[in-house]
Structure formats: structure tokens, C-alpha cells
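Letter by letter, the chains look like this.
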Amino acid sequence: MHMPPRLSAIVAILSLNLYGNATNLLPALATEWGRKPVNLIGAQLSTSQSMTPEAAIARLFTQATLENDWFAPEFLRQVPLAQVQLIIDSMQTELGKFQEVVPNGQNFLVVMEKGTVPTQITLNQSGQIIGLLFQPPRLKIKSLAEAVSQLQQLPGQVSLLVLEGDTATELAALNPDLPLAVGSTFKLAVLQALRTQIETGQQSWRSVVELRPEWKSLPSGVLQTWADGSWLTIQSLAALMISQSDNTATDALMRIVGRDSVEAVAPERNRPFLTTREAFLLKSPSHKALYQRYRLGNLAQRRSLLTELTALPLPDVSEFTTEPRAIDVEWFFTTRELCQLMQQVRDLPVMRINPGVASSTDWQRVAFKGGSEPGVLNLTTWVEAKTGQQYCISATWNHTANLDDYQFQGLYSTILDLVKAKAK
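Attention in this report is confined to the structure presented alongside it. Since we're looking at a predicted model, the values are computed, not measured.

### A few points about the overall build of the protein
Counting secondary structure elements, the protein contains 13 helices and 16 strands. Split into buried and exposed, the 424 residues of the protein put 58% on the buried side. Put simply, of all contacts in the protein between residues at least 6 apart along the chain, 65% involve residues at least 24 apart. Roughly 17,100 Å² of accessible area belongs to the protein as shown, and the carbon and sulfur atoms make up 48% of that amount.

### Quick notes on the nonpolar core
Leu60, Phe61, Phe71, Leu151, Leu160, Ile393 and Ile415 are the most contacted members of the largest nonpolar core, which has 63 residues in total. In terms of residue count, the dominant contributor to this core is helix α13 (residues 405-423) (nine residues). Contacts of Leu60, omitting those with residues within four sequence positions, involve Leu66, Trp70, Phe71, Ile88, Ile129, Leu132 and Phe134. Within the second largest apolar cluster, 52 residues are counted, among which are Val182, Ala238, Ala326 and Trp382.

### So, the state of the cysteines
Note: disulfide means a covalent bond formed between the sulfur atoms of two cysteine side chains. Scanning the model with the defined rule gives one disulfide in all. Shown here is the disulfide that connects Cys339 with Cys392, its sulfur atoms set 2.2 Å apart. A torsion of -90 degrees about the S-S bond marks the disulfide between Cys339 and Cys392 as left-handed. Placement of the pair is Cys339 in helix α12 (residues 335-345) and Cys392 in strand β16 (residues 390-398), with a sequence separation of 53 residues. For the residue pair Cys339 and Cys392, the accessibility class agrees, reading buried in each case.

### Remarks on the pattern of salt bridges
Using the criterion set out here, one finds 15 salt bridges in the structure. The closest approach of N and O atoms between Arg195 and Glu199, which form a salt bridge, is 3.0 Å. Taken together, the residues Arg195 and Glu199, both in helix α5 (residues 187-199) and four residues apart, mark about one turn of the helix. The shortest N-O distance in the salt bridge between Arg195 and Asp347 comes to 2.6 Å. Here Asp347 lies in the loop between α12 and β14 (365-373) and Arg195 lies in helix α5, a separation of 152 residues in the sequence. Overall, Arg195 belongs to the buried group, its relative accessible area being 15%. A relative accessible area of 36% means that Asp347 is categorised as partly exposed. When salt bridges that share partners are traced, they join Glu170, Asp177 and Arg336 into one network.

### Section: the sheet that holds strand β15 (residues 376-384)
Backbone-to-backbone hydrogen bonds pair the strands of a sheet. The strands run either parallel or antiparallel. Strand order in this open sheet of five strands is β9-β8-β16-β15-β14, and the pairing throughout is antiparallel. Whereas interior strands pair on both sides, the edge strands pair on one side only; in this sheet they are β9 (169-174) and β14. Averaged over neighbouring strand pairs, the angle between their axes works out to 5 degrees when direction is ignored. Judged from the nine bridges that link them, β15 and β16 form a sheet pairing that is antiparallel. Looking across to β16, one finds that Leu377 is bridged to Trp397.

### Looking at helix α4 (residues 144-152)
Turning to α4, its buried residues are Leu144, Ala147, Val148 and Leu151. Seen end-on, α4 carries its buried residues on one side only, within an arc spanning 100 degrees. In α4, the exposed residues that point more than 90 degrees away from the buried face are Ala145 and Gln152. Where α4 is buried, its residues contact β8 (157-164), β9 and α13.

### A few points about the packing of α5 against helix α6 (residues 234-243)
Look at α5 against α6: their axes get within 10 Å of each other, and the N-to-C directions meet at 160 degrees. The angle between the axes of α5 and α6 places the two elements in the roughly antiparallel class. Taken as a pair, α5 and α6 cross one another with a handedness that is left-handed. Counted together, Lys187, Val190, Leu191 and Leu194 of α5 and Ile234, Ala238, Met241 and Ile242 of α6 form the full contact between these two elements. Across the contact of α5 with α6, the residue classes break down as seven nonpolar, no polar and one charged.

### Some thoughts on the side chain of Glu373
Relative to the elements of secondary structure, Glu373 occurs in strand β14. In terms of polar contacts, Glu373 uses its side chain to reach the side chain of Lys283, at 3.3 Å.

### Examining the side chain of Gln197
Tracing the chain through its elements places Gln197 in helix α5. A residue is classified by how much of its surface remains accessible, and Gln197, at 6% relative accessible area, is buried. Among all residues touching Gln197, those that are not within four sequence positions of it are Gln202, Gln203, Ile256, Val257 and Ser261.

### Thoughts on the pairing of strand β4 (residues 107-112)
With six bridges joining them, strand β3 (residues 98-104) and β4 adopt antiparallel strand pairing. Each bridged residue has a counterpart across the sheet, and for Val102 the counterpart in β4 is Leu109. Pairing of β4 with strand β5 (residues 115-123), which is carried by five bridges, proceeds in the antiparallel orientation. By the bridge assignment, Met112 is partnered in β5 with Gly115. Between β4 and β5, which pair antiparallel one after the other, the connecting turn spans two residues.

### Some remarks on unusual backbone geometry
Excluding glycine, a negative phi dihedral is what most residues carry, and trans is how most peptide bonds are arranged. With an omega dihedral of 25 degrees, the bond running from Pro219 to Ser220 counts as a cis peptide bond. Checked against the element boundaries, Ser220 lands in the loop between β11 (208-210) and β12 (231-233). Backbone torsion omega between Arg271 and Pro272 reads -5 degrees, so that peptide bond is classified as cis. Here Pro272 shows up in the loop between α8 (259-265) and α9 (276-283). One non-glycine residue with positive phi stands out, namely Asn175, at about 50 degrees. Within the secondary structure, Asn175 sits in the loop between β9 and β10 (180-181).

Parameters at a glance
Residues numbered from 1 in each chain as written. Predicted model: local features only at pLDDT ≥ 70, side-chain atom pairs only at ≥ 80, totals over all residues. Heavy atoms only, no water. Helix = DSSP H or I, 4+ residues; strand = E, 2+ residues; numbered from the N terminus. Buried < 20%, exposed > 50% of the residue type's maximum accessible area, 1.4 Å probe, protein only. Contact = heavy atoms within 4.5 Å. Areas by Shrake-Rupley, 256 points an atom, 1.4 Å probe, with all protein chains shown as cover. Core = buried A, V, L, I, M, F, W, Y, C linked by side-chain atoms within 4.5 Å. Disulfide = S-S within 2.5 Å. Salt bridge = Lys/Arg side-chain N within 4 Å of Asp/Glu carboxyl O. Pairing = 2+ DSSP bridges. Axes fitted to C-alpha atoms, helices over the stretch in contact; angles between N-to-C directions. Arc of directions from axis to C-beta. Parallel < 35°, antiparallel > 145°, perpendicular 65-115°, else oblique. Left-handed = near helix turned anticlockwise from the far one by under 90°. Nonpolar A, V, L, I, M, F, W, Y, C, P; charged D, E, K, R; others polar. Polar contact = N/O pair within 3.5 Å; in protein donor to acceptor, adjacent residues only side chain to side chain.

Written out as C-alpha cells, the structure is:
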């Protein structure tokens, strides 16, 4: 599942929004999950003679404290200076001492003791920062076995599976058959159920539906703000569900294809298969009694309880905190099951809108879905190398305390790099 906005220095480097979509944080280094940030990285680069991009990046790591006049006012309106300082401090805690800034194509690499951080920056005419993006770090890890060893050291429960080719040869594995909460990565099952109905003629990508009030959920996404009765195609709903992890689009598709159809493609442990609206209601602090009945009930009792939820209004976003809450109300998959689902939907156009943590320039094709809430994080990526070789990389982390998203994303990005090197 997926809680409302949390602004943490660690997740701010590459934010997995509420339901697991990678969102580049531009120009601010942090953004509310589910809100599209303003993209200023593409702005025309025009700098003062006294400040180069390399020098501006290096200054962030070599000066004891940051200064307001290093940043354009429009940047600081989105993120306070203290937040930027916290992010820089967190990077140094995780990666050790700053060493240097080196060119990386049109962008840069921040080289630190334990890894490198791909970085983009834009300066205005006065040499002030108006756009800044730190991508997940590439750690100094030489093998998949070493990456697995580092994942094993994380608190809580961790699963990883790296598969190669149509024969699904295991290149790396850590608890690949352990069911864990995966957040919005469950939406792969909804997409597969939809695809099945389209292939059998029950649905069409071009079919148009009206947005209904009972479909609306909490963010992430945008459809919860649209007027009731707005017209949408099935294709549009699927694209929003995967690329933006739109919860309202997800619940709409679940209503359209039917809960039983989604349950038919998902592991039996996920029955009843929850909509995001139902999960929010059950996790709401205002509905503790309903939550207790649900977690203690059998399947028939749980299905009956879900009918009671239809009469309840959505909880307010402010009810949720950044602490893990009721993560037994979730969607549970193994990384092996997620790779199997990804295999079934990877070729759909909607899967290629958002590449997630992977760099689309490194691969011939990328399909991605991720999911997160406090205490839950999953990243699942299918990639096709320029040599034609195909891979699935799925990793999940569950813990009763808040997760170090930055560390996990760094390990995952490093695994992607190791797979890329093998594919050459």
C-alpha cells in the first residue's frame, strides 16, 4: 500500500512516489509523493563566468554549511535550505567522503568513497542552482554475490531475484520465494487481468468509460481530482495506473475487469484482492475496529466486511503518518511471482512510459513497476540489452521501521549496472 506524502532526505534523491513510480525531483530535491515536480533540468544553461556546474556541485559537498544565495529563489520556494543540507549530509553518511566531480556525458558524476552519484544540474545567469537531480548511487560493488551479501545485512525481510533470458536462468537470488508486501507493484496483476479480457474480446483498449465517484481513491495519481463523469479510455486508465501509479485509475480498472478476474491471476494469499480505496480505509486510524475484524477474519468474513466499506467516505490524507502502519493489509508477492507477471505484460506500450530506476539510454527496452509505503518497498524491472539478451530484476524490502530507501535504491541501481556489464 502507500501512504500519503513523506519528505525524507534519503528518499528525496530519487523518490518512489506513494505507489512506487520513480519521480525525478526537479528543481526541488524533495516533493510530495503523487505530485508532479516542475522540471527545470531541461532549461537553457547559462551561467556566470565565476561559477561552473562542476564547481557548484563540488561546493555542496566541500563547504560546512550551504548558503541561500547558492540557489535561485524559485528553487528554495519548493524546498527549504535545511532540507537540502539534510540530503547532502545523508549522502555523505551513506557514501563516505566527497572526492571529486567528473563529467558524465552532458551531466556529471559525484565521486565519493563508497560509490558514484549521477548528477544533473542547471544554473541561472547568476550562477545560482535552479535545477538539481541526484540519481541513485552506483556503489563500489564488483559482483552480484557481493550485492546479495549487502542486501542480507539490511534489517527486516529482503528478497531479490535476477533472471536472465527466456529460460529464466537465476543469476542472483535471495529469498526469491518469500511472499512480501510489495505496494503498488500489485498493479501488474490488474494489468494482466485486463490484458486477458482484451485478448478474449471482453474489453478493448479503445473503450470509453465515465469516471465514477465510487472509483476515487487517495493519491498517488491525478484522477481523484477530476470531475465525476469525465471520459477516459481503457488505454488511458492503464497508462495512468502504470506510469503514474494512479490509484483511482487502478480501482476503476479493478471495477471494470472484476475483482475475481484479478484474483485469478494473483496468488491465492491475496484473497480478497483489495482496491487501494479499501486498503486506505482499513489502514485509517479512524477504523481500528474494522482493521481488527479484517485481520482476524476468514476469507468469507473479510469479503463481507469489504461490502461495509462501500458506504464509508475516504479517510483524510492527514490521518496517515510516515511510520509503518498495518502492513499486513497489503498485496503479497514473491519476487519470482513478480518476474512472472512482468514477463506477461512487459511488451505492452504502457509498460515503457516510466523506466523507473533504470536509465532508458542503457537498454534497448525497459519495463518497470515499483511500489512503496512506510516499511514496504519493491522495485521490479524487465530490461532488454542492446545485444538482445533479456533480464528481470525484482527486489523487495519489508521492515517494521522506516526503510533507508536511498541505500536500497543504490544497491538496486548497482545490480542493474552489474547486469548491464554482463550483457555486453
